[in-house]
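Residue-level structural notes
Residues per chain, in single letters:
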Amino acid sequence: MDALDFLDFRILDILDIVLVALLLYYVYRLIRGTVAINIFLGIAIIYLIWKLTEVLQMELLSDILGKFLGVGFIAMIIVFQQEIRKFLLMVGSTNFATKKGFLKNLKFLKSDGDATVTDVEGIVNSCVEMGKTRTGALVVIERNNSLDFVKHTGDKMNAEINMPLLKSIFYKNSPLHDGAIIIEDNFITATRVILPVEDKLNIPGRFGLRHRAGLSITMKSDAVALIVSEETGQISYVKNGEFILFDDTDRLIEIIKEDLA
(Lines give C-alpha, C1' and ligand atoms only; values in the text may rest on other atoms or scores of the structure.)
Protein backbone atom coordinates (compact mmCIF):
# COMPACT_ATOMS: atom_id res chain seq x y z
CA MET A 1 0.00 0.00 0.00
CA ASP A 2 2.98 2.34 0.56
CA ALA A 3 3.54 2.43 -3.19
CA LEU A 4 0.10 4.00 -3.59
CA ASP A 5 0.60 6.71 -0.97
CA PHE A 6 1.05 9.30 -3.71
CA LEU A 7 -2.63 8.76 -4.61
CA ASP A 8 -3.69 10.07 -1.18
CA PHE A 9 -4.64 13.55 -2.39
CA ARG A 10 -6.09 16.19 -0.13
CA ILE A 11 -8.40 18.94 -1.34
CA LEU A 12 -5.60 21.42 -0.64
CA ASP A 13 -3.28 19.41 -2.90
CA ILE A 14 -5.77 19.73 -5.76
CA LEU A 15 -6.13 23.44 -5.06
CA ASP A 16 -2.34 23.78 -5.04
CA ILE A 17 -2.09 22.14 -8.48
CA VAL A 18 -4.86 24.34 -9.91
CA LEU A 19 -3.26 27.54 -8.61
CA VAL A 20 0.15 26.57 -9.98
CA ALA A 21 -1.45 25.76 -13.35
CA LEU A 22 -3.17 29.17 -13.40
CA LEU A 23 0.07 30.91 -12.49
CA LEU A 24 1.99 29.14 -15.26
CA TYR A 25 -0.81 29.94 -17.72
CA TYR A 26 -0.68 33.66 -16.97
CA VAL A 27 3.14 33.66 -17.13
CA TYR A 28 2.94 31.96 -20.52
CA ARG A 29 0.39 34.50 -21.80
CA LEU A 30 2.63 37.37 -20.70
CA ILE A 31 5.81 36.13 -22.37
CA ARG A 32 4.35 34.31 -25.38
CA GLY A 33 5.85 35.59 -28.59
CA THR A 34 8.84 37.22 -26.87
CA VAL A 35 12.47 36.21 -26.40
CA ALA A 36 11.69 35.71 -22.72
CA ILE A 37 9.79 32.50 -23.51
CA ASN A 38 13.07 30.75 -24.41
CA ILE A 39 14.71 31.92 -21.17
CA PHE A 40 11.69 30.74 -19.19
CA LEU A 41 11.81 27.30 -20.83
CA GLY A 42 15.54 27.04 -20.10
CA ILE A 43 14.98 27.83 -16.42
CA ALA A 44 12.10 25.33 -16.26
CA ILE A 45 14.29 22.58 -17.75
CA ILE A 46 17.11 23.28 -15.27
CA TYR A 47 14.60 23.21 -12.41
CA LEU A 48 13.22 19.82 -13.51
CA ILE A 49 16.75 18.42 -13.82
CA TRP A 50 17.52 19.71 -10.32
CA LYS A 51 14.45 17.97 -8.90
CA LEU A 52 15.40 14.78 -10.74
CA THR A 53 18.93 14.84 -9.26
CA GLU A 54 17.39 15.24 -5.80
CA VAL A 55 15.17 12.20 -6.31
CA LEU A 56 18.14 10.17 -7.60
CA GLN A 57 20.24 11.44 -4.66
CA MET A 58 22.96 12.85 -6.94
CA GLU A 59 24.12 15.16 -4.17
CA LEU A 60 26.98 16.99 -5.92
CA LEU A 61 25.05 17.89 -9.07
CA SER A 62 21.95 18.63 -7.03
CA ASP A 63 23.91 21.01 -4.80
CA ILE A 64 25.41 22.83 -7.82
CA LEU A 65 22.05 23.23 -9.57
CA GLY A 66 20.38 24.31 -6.34
CA LYS A 67 22.90 27.09 -5.76
CA PHE A 68 22.68 28.12 -9.41
CA LEU A 69 18.89 28.48 -9.18
CA GLY A 70 19.21 30.33 -5.88
CA VAL A 71 21.55 32.94 -7.32
CA GLY A 72 19.65 32.90 -10.60
CA PHE A 73 16.53 34.18 -8.86
CA ILE A 74 18.03 37.68 -8.71
CA ALA A 75 19.05 37.41 -12.36
CA MET A 76 15.49 36.35 -13.25
CA ILE A 77 14.11 39.52 -11.65
CA ILE A 78 16.46 41.60 -13.82
CA VAL A 79 15.80 39.68 -17.03
CA PHE A 80 12.04 39.47 -16.54
CA GLN A 81 11.48 42.91 -15.01
CA GLN A 82 9.14 43.99 -17.82
CA GLU A 83 7.12 40.76 -17.61
CA ILE A 84 7.01 40.93 -13.79
CA ARG A 85 5.72 44.50 -14.00
CA LYS A 86 2.98 43.39 -16.40
CA PHE A 87 2.05 40.49 -14.13
CA LEU A 88 1.82 42.70 -11.03
CA LEU A 89 -0.18 45.24 -13.00
CA MET A 90 -2.55 42.48 -14.10
CA VAL A 91 -3.03 41.31 -10.50
CA GLY A 92 -3.40 44.82 -9.12
CA SER A 93 -5.85 46.00 -11.78
CA THR A 94 -8.08 42.92 -11.68
CA ASN A 95 -11.47 43.48 -10.11
CA PHE A 96 -12.47 40.09 -8.74
CA ALA A 97 -15.43 41.63 -6.98
CA THR A 98 -17.46 41.82 -10.18
CA LYS A 99 -18.70 38.94 -12.23
CA LYS A 100 -17.42 40.54 -15.42
CA GLY A 101 -13.91 40.95 -14.06
CA PHE A 102 -13.80 37.42 -12.69
CA LEU A 103 -15.06 35.78 -15.86
CA LYS A 104 -12.72 37.85 -17.99
CA ASN A 105 -9.72 36.46 -16.16
CA LEU A 106 -11.08 32.95 -16.60
CA LYS A 107 -12.09 33.44 -20.21
CA PHE A 108 -9.81 30.62 -21.36
CA LEU A 109 -12.26 28.27 -19.62
CA LYS A 110 -15.16 29.49 -21.74
CA SER A 111 -16.21 27.84 -24.95
CA ASP A 112 -15.61 29.51 -28.29
CA GLY A 113 -19.29 30.21 -28.62
CA ASP A 114 -19.29 32.29 -25.43
CA ALA A 115 -16.39 34.53 -26.50
CA THR A 116 -16.96 37.92 -28.04
CA VAL A 117 -15.18 38.16 -31.39
CA THR A 118 -13.43 41.45 -32.07
CA ASP A 119 -14.02 42.81 -35.55
CA VAL A 120 -10.35 42.82 -36.52
CA GLU A 121 -11.14 43.25 -40.22
CA GLY A 122 -13.17 46.37 -39.49
CA ILE A 123 -10.42 47.87 -37.34
CA VAL A 124 -7.63 47.19 -39.84
CA ASN A 125 -9.66 48.30 -42.87
CA SER A 126 -10.53 51.53 -41.04
CA CYS A 127 -6.82 52.11 -40.43
CA VAL A 128 -6.12 51.49 -44.12
CA GLU A 129 -8.75 54.06 -45.12
CA MET A 130 -7.36 56.60 -42.63
CA GLY A 131 -3.86 55.95 -43.93
CA LYS A 132 -4.95 56.92 -47.45
CA THR A 133 -6.08 60.34 -46.17
CA ARG A 134 -3.09 60.75 -43.79
CA THR A 135 -5.38 60.67 -40.77
CA GLY A 136 -3.39 59.88 -37.63
CA ALA A 137 -4.84 57.25 -35.31
CA LEU A 138 -3.91 55.28 -32.21
CA VAL A 139 -6.04 52.20 -31.47
CA VAL A 140 -5.30 50.16 -28.34
CA ILE A 141 -6.88 46.70 -28.07
CA GLU A 142 -7.19 45.30 -24.56
CA ARG A 143 -6.32 41.64 -23.99
CA ASN A 144 -5.94 40.12 -20.49
CA ASN A 145 -4.58 43.08 -18.51
CA SER A 146 -7.19 45.65 -17.55
CA LEU A 147 -6.61 49.14 -18.97
CA ASP A 148 -8.74 50.90 -16.37
CA PHE A 149 -5.63 52.72 -15.17
CA VAL A 150 -5.60 54.74 -18.42
CA LYS A 151 -9.28 54.73 -19.38
CA HIS A 152 -10.11 57.33 -16.74
CA THR A 153 -7.93 59.89 -18.55
CA GLY A 154 -10.33 59.95 -21.50
CA ASP A 155 -14.04 59.94 -22.24
CA LYS A 156 -16.11 56.84 -21.60
CA MET A 157 -17.88 55.24 -24.54
CA ASN A 158 -19.77 52.02 -25.11
CA ALA A 159 -20.14 51.71 -28.86
CA GLU A 160 -19.81 48.64 -31.03
CA ILE A 161 -17.00 48.77 -33.56
CA ASN A 162 -17.80 49.87 -37.11
CA MET A 163 -15.76 51.59 -39.81
CA PRO A 164 -17.71 54.87 -40.04
CA LEU A 165 -17.47 55.37 -36.27
CA LEU A 166 -13.71 54.70 -36.15
CA LYS A 167 -13.05 57.06 -39.04
CA SER A 168 -15.25 59.80 -37.57
CA ILE A 169 -13.50 59.61 -34.18
CA PHE A 170 -10.07 60.27 -35.70
CA TYR A 171 -11.27 62.84 -38.25
CA LYS A 172 -9.02 65.85 -37.71
CA ASN A 173 -11.93 68.22 -36.93
CA SER A 174 -13.53 65.78 -34.50
CA PRO A 175 -13.36 66.74 -30.80
CA LEU A 176 -12.44 63.10 -30.05
CA HIS A 177 -9.48 62.72 -32.41
CA ASP A 178 -6.76 63.60 -29.88
CA GLY A 179 -5.31 60.71 -27.88
CA ALA A 180 -6.03 57.00 -28.16
CA ILE A 181 -9.14 54.87 -28.19
CA ILE A 182 -9.49 51.70 -26.11
CA ILE A 183 -11.18 48.65 -27.61
CA GLU A 184 -12.43 45.90 -25.32
CA ASP A 185 -13.93 42.80 -26.91
CA ASN A 186 -15.87 44.34 -29.80
CA PHE A 187 -16.63 47.71 -28.20
CA ILE A 188 -14.92 51.08 -28.02
CA THR A 189 -14.90 51.77 -24.29
CA ALA A 190 -12.92 55.03 -24.15
CA THR A 191 -11.77 57.83 -26.44
CA ARG A 192 -9.30 60.74 -26.05
CA VAL A 193 -7.26 58.55 -23.71
CA ILE A 194 -3.90 59.97 -22.60
CA LEU A 195 -1.37 57.13 -22.55
CA PRO A 196 1.73 57.13 -20.33
CA VAL A 197 4.93 57.63 -22.32
CA GLU A 198 8.24 56.04 -21.38
CA ASP A 199 11.11 58.53 -21.21
CA LYS A 200 13.76 56.19 -22.60
CA LEU A 201 12.63 54.63 -25.85
CA ASN A 202 15.10 53.73 -28.55
CA ILE A 203 13.04 54.43 -31.67
CA PRO A 204 13.88 56.29 -34.91
CA GLY A 205 13.42 60.05 -34.83
CA ARG A 206 10.84 59.95 -37.63
CA PHE A 207 8.32 58.43 -35.24
CA GLY A 208 6.42 60.89 -33.09
CA LEU A 209 4.46 60.98 -29.84
CA ARG A 210 1.72 58.69 -31.17
CA HIS A 211 4.23 55.89 -31.77
CA ARG A 212 5.95 56.47 -28.42
CA ALA A 213 2.60 56.24 -26.61
CA GLY A 214 1.70 53.05 -28.47
CA LEU A 215 5.02 51.45 -27.58
CA SER A 216 4.72 52.51 -23.93
CA ILE A 217 1.24 51.06 -23.32
CA THR A 218 2.32 47.68 -24.73
CA MET A 219 5.30 47.72 -22.36
CA LYS A 220 3.10 48.43 -19.35
CA SER A 221 0.41 45.87 -20.26
CA ASP A 222 -0.22 43.01 -22.66
CA ALA A 223 -2.39 45.20 -24.90
CA VAL A 224 -1.65 45.55 -28.60
CA ALA A 225 -1.89 48.76 -30.61
CA LEU A 226 -2.42 49.92 -34.17
CA ILE A 227 -0.91 53.25 -35.18
CA VAL A 228 -1.58 55.21 -38.36
CA SER A 229 1.11 57.77 -39.17
CA GLU A 230 -0.26 61.22 -39.92
CA GLU A 231 2.84 62.03 -41.99
CA THR A 232 3.11 58.90 -44.16
CA GLY A 233 -0.18 57.01 -43.67
CA GLN A 234 1.87 53.92 -42.75
CA ILE A 235 0.24 51.40 -40.37
CA SER A 236 2.30 50.09 -37.45
CA TYR A 237 1.35 47.14 -35.26
CA VAL A 238 2.76 47.22 -31.74
CA LYS A 239 3.11 44.34 -29.28
CA ASN A 240 5.38 43.91 -26.24
CA GLY A 241 7.16 47.20 -26.86
CA GLU A 242 8.08 46.32 -30.45
CA PHE A 243 6.40 47.54 -33.61
CA ILE A 244 6.28 46.31 -37.19
CA LEU A 245 5.36 48.36 -40.25
CA PHE A 246 2.74 46.60 -42.37
CA ASP A 247 1.75 46.79 -46.01
CA ASP A 248 0.09 43.36 -46.24
CA THR A 249 -3.38 43.91 -44.78
CA ASP A 250 -4.41 40.25 -44.85
CA ARG A 251 -1.27 39.20 -42.97
CA LEU A 252 -1.81 41.93 -40.38
CA ILE A 253 -5.39 40.79 -39.77
CA GLU A 254 -4.19 37.19 -39.37
CA ILE A 255 -1.51 38.15 -36.83
CA ILE A 256 -3.89 40.28 -34.73
CA LYS A 257 -6.46 37.46 -34.63
CA GLU A 258 -3.78 35.06 -33.43
CA ASP A 259 -2.69 37.47 -30.69
CA LEU A 260 -6.26 38.04 -29.52
CA ALA A 261 -7.20 34.34 -29.56
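The structure this text deals with has already been given above.
Residues numbered from 1 in each chain as written. Predicted model: local features only at pLDDT ≥ 70, side-chain atom pairs only at ≥ 80, totals over all residues. Heavy atoms only, no water.

**As for the overall build of the protein**
Note the following rule: Here a strand is any run of E in DSSP of at least two residues, a helix any run of H or I of at least four, and the numbering for each starts at the N terminus. When accessible area is computed with a 1.4 Å probe and restricted to protein chains, residues below 20% of their type maximum are described as buried, those above 50% as exposed, and intermediate ones as partly exposed. By definition, residues are in contact when any of their heavy atoms lie within 4.5 Å. In this description, accessible areas are obtained by the Shrake-Rupley approach with a 1.4 Å probe, and a residue is regarded as covered only by the protein chains that are shown.
On a plain count of helices and strands, the protein comes out with 10 helices and seven strands. For the protein, buried positions account for 38% of its 261 residues. In the protein, 61% of the contacts between residues at least 6 apart in sequence involve partners at least 24 apart. Total accessible area on the protein is roughly 15,600 Å²; 62% of this is exposed by carbon and sulfur atoms.

**Here we look at the sheet that holds strand β7 (residues 242-246)**
Stated precisely, the cut-off is as follows: When DSSP finds two or more bridges between two strands, those strands count as paired. As a rule, the C-alpha atoms of each element are fitted with a line to give its axis, helices using only the stretch in contact, and angles between N-to-C directions run from 0 to 180 degrees.
Pairing is mixed across the open sheet formed by seven strands, whose spatial order is β2-β4-β3-β1-β5-β6-β7. At either margin of the open sheet sits one strand with a lone partner, and together these are β2 (155-160) and β7. In this sheet, neighbouring strand axes are inclined to one another by 25 degrees on average, regardless of whether the strands run parallel or antiparallel. Two elements, strand β5 (residues 224-228) and strand β6 (residues 235-239), share five bridges in a ladder whose sense is antiparallel.

**A short note on a nonpolar patch on the surface**
The following threshold applies: Patch membership is restricted to residues that have no salt bridge and whose relative accessible area is over 30%. Joining uses 9 Å for like charges and 5 Å for the nonpolar side chains Val, Leu, Ile, Met, Phe, Trp and Tyr. Note on definitions: salt bridges are taken to be side-chain nitrogens of Lys or Arg within 4 Å of carboxyl oxygens of Asp or Glu.
A cluster of nonpolar side chains, Leu 52, Val 55, Leu 56, Met 58, Leu 60, Leu 61 and Ile 64, forms an exposed patch at the surface whose accessible area comes to about 700 Å². Contributing elements (two or more residues each) for the nonpolar patch: α2 (36-55) and α3 (59-79). Per element, the largest residue contribution to the nonpolar patch is three residues, and it comes from α3. In this structure, Met 58 sits in the loop between α2 and α3. Taking the relative accessible area as the measure of exposure, Met 58 reaches 38% and is therefore partly exposed.

**Some thoughts on helix α6 (residues 120-132)**
Here is the rule we go by: One fewer than the residue count of a helix, multiplied by 1.5 Å, yields its expected span.
Its 13 residues give α6 an end-to-end C-alpha distance of 19 Å, which sits within 8% of 18 Å, the value for a rise of 1.5 Å per residue. Here α6 has its buried residues at Val 120, Gly 122, Ile 123, Val 124, Ser 126, Cys 127, Met 130 and Gly 131. If you follow the buried residues of α6, they end up packed against β1 (137-141), α8 (163-169), β3 (180-184), β5, β6 and α10 (249-260). Backbone geometry just after α6 places Arg 134 at a positive phi near 55 degrees.

**Some thoughts on the side chain of Ser 62**
Following the sequence through the fold, Ser 62 ends up in helix α3. Sequence-distant contacts of Ser 62, defined by excluding residues within four places in its chain, comprise Trp 50, Thr 53 and Glu 54.

**Focus: the packing of α6 against α10**
What counts, and what does not: Throughout, the term roughly parallel applies to angles under 35 degrees, roughly antiparallel to angles over 145, roughly perpendicular to angles from 65 to 115, and oblique to all others. Take the far helix as your reference; a near helix turned counterclockwise from it by less than a right angle gives a left-handed crossing, and one turned clockwise gives a right-handed crossing. Residue polarity follows a fixed list, in which Ala, Val, Leu, Ile, Met, Phe, Trp, Tyr, Cys and Pro are nonpolar, Asp, Glu, Lys and Arg are charged, and the others, Gly among them, are polar.
In the contact formed by α6 and α10, the axes pass within 10 Å of each other and the chain directions differ by 140 degrees. In terms of axis orientation, α6 runs oblique to α10. Once α6 is placed against α10, the crossing between them reads as right-handed. On α10, the residues touching Val 120, Glu 121, Val 124, Asn 125 and Val 128 of α6 are Thr 249, Leu 252, Ile 253, Ile 256, Lys 257 and Leu 260. Residue classes in the contact of α6 with α10 are distributed as seven nonpolar, two polar and two charged.

**Focus on the pairing of β3**
In terms of burial, β3 is largely enclosed, as five of its five residues are buried. Neither face of β3 is exposed, since Ala 180, Ile 182 and Glu 184 on one face and Ile 181 and Ile 183 on the opposite face are all buried. The pairing of β1 with β3 spans three bridges and is classified as parallel. In the strand pairing of β3, Ile 141 is matched with Ile 183. Summarising the sheet, β3 and strand β4 (residues 187-193) pair through four bridges and their orientation is antiparallel. Looking at the pairing, Ile 182 lines up with Ala 190 of β4. Hairpin remark: β3 followed by β4, antiparallel, with two residues in the connecting loop; positive phi at Asp 185, about 60 degrees.

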